[in-house]
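Here's the letter readout for the chains.
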Amino acid sequence: MSSDRLTLVLGGARSGKSRHAEALISTHSAPWTYIATAQAFDDEMRARIDEHQARRDANWRTVDAPLDLPEALAAAEGPVLVDCLTLWLSNLMLGGHDLKTAFLALQEALGAVAGPVVLVSNEVGLSIVPDNALGRAFRDEQGRLNQRIAALADRVIFMVAGLPMVVK
């Protein structure tokens, strides 16, 4: 198992997470699989998705998995980029899914994948405390998920203003 079989790229909004993750995966032989967890519920999110898609060429195969991330990982071949765990968690919570079961399924899928896999996630605990229960629950669950994945990861990178800081 190489030292970069599983990489977690963390950071705040617009910190350069996705670009850096794409650069990391593209050091491996193509084709690459991009597992997208976003859902376009409005024009602003559609524009964000379009921006990400415009950066990818024909070497990328996109798999939409807003909820079925473990299944998508199990089916993927070759280098995989997951963008992002934050939207996956949001989709699960808003859909009333059992998070413990989902997290365990993700851990099992990550343990079984041959790699390399790069996962993108937001670090949401550095800001103000949300003023509502759902926001606080989301922040707490995102922190727990990030800790679980960081513990599994061979490498963890924290992005600050487009600059990668290797944490692990």
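Small disclaimer: the values here were computed from a predicted structure and weren't measured. (Residues numbered from 1 in each chain as written. Predicted model: local features only at pLDDT ≥ 70, side-chain atom pairs only at ≥ 80, totals over all residues. Heavy atoms only, no water.)

Here's the deal with the sheet that holds strand β4 (residues 80–83)
At step 1: Ordered by their spatial adjacency, seven strands build an open sheet running β3-β2-β4-β5-β1-β6-β7, and the pairing between neighbours is mixed. Edge positions in the open sheet fall to β3 (60–64) and β7 (163–166), since each of these has one partner strand only. With direction set aside, neighbouring strand axes in the sheet form an average angle of 20 degrees.
At step 2: Where strand β2 (residues 32–36) and β3 come together, five bridges link them in parallel fashion. (Pairing = 2+ DSSP bridges. Helix = DSSP H or I, 4+ residues; strand = E, 2+ residues; numbered from the N terminus. Axes fitted to C-alpha atoms, helices over the stretch in contact; angles between N-to-C directions.)

Let's talk about the packing of aromatic side chains
At step 1: Counted according to the given criterion, the structure contains three aromatic pairs.
At step 2: Arranged with centres 5.9 Å apart and planes meeting at 75 degrees, the rings of Y34 and W60 form a pair that is edge-to-face. With Y34 in strand β2 and W60 in strand β3, this residue pair connects regions lying 26 residues apart in the sequence.
At step 3: Y34 sits in the buried class, given a relative accessible area of 3%.
At step 4: W60 sits in the buried class, given a relative accessible area of 13%.
At step 5: Here the aromatic cluster, defined as three or more aromatic residues joined through ring pairs, consists of W32, Y34 and W60. (Phe/Tyr/Trp six-rings, centres within 6.5 Å; stacked < 30°, edge-to-face > 60°. Buried < 20%, exposed > 50% of the residue type's maximum accessible area, 1.4 Å probe, protein only.)

With respect to helix α4 (residues 85–94)
At step 1: Among the ten residues in α4, seven count as buried, and that is most of the element.
At step 2: Those residues of α4 lying buried are L85, T86, W88, L89, N91, L92 and M93.
At step 3: Residues of α4 that are buried make contact with β1 (6–11), α3 (69–75), β4, α5 (99–112), β5 (117–122) and α6 (133–152).
At step 4: Positive phi appears at G96, one or two residues downstream of α4, with a value of about 70 degrees. (Contact = heavy atoms within 4.5 Å.)

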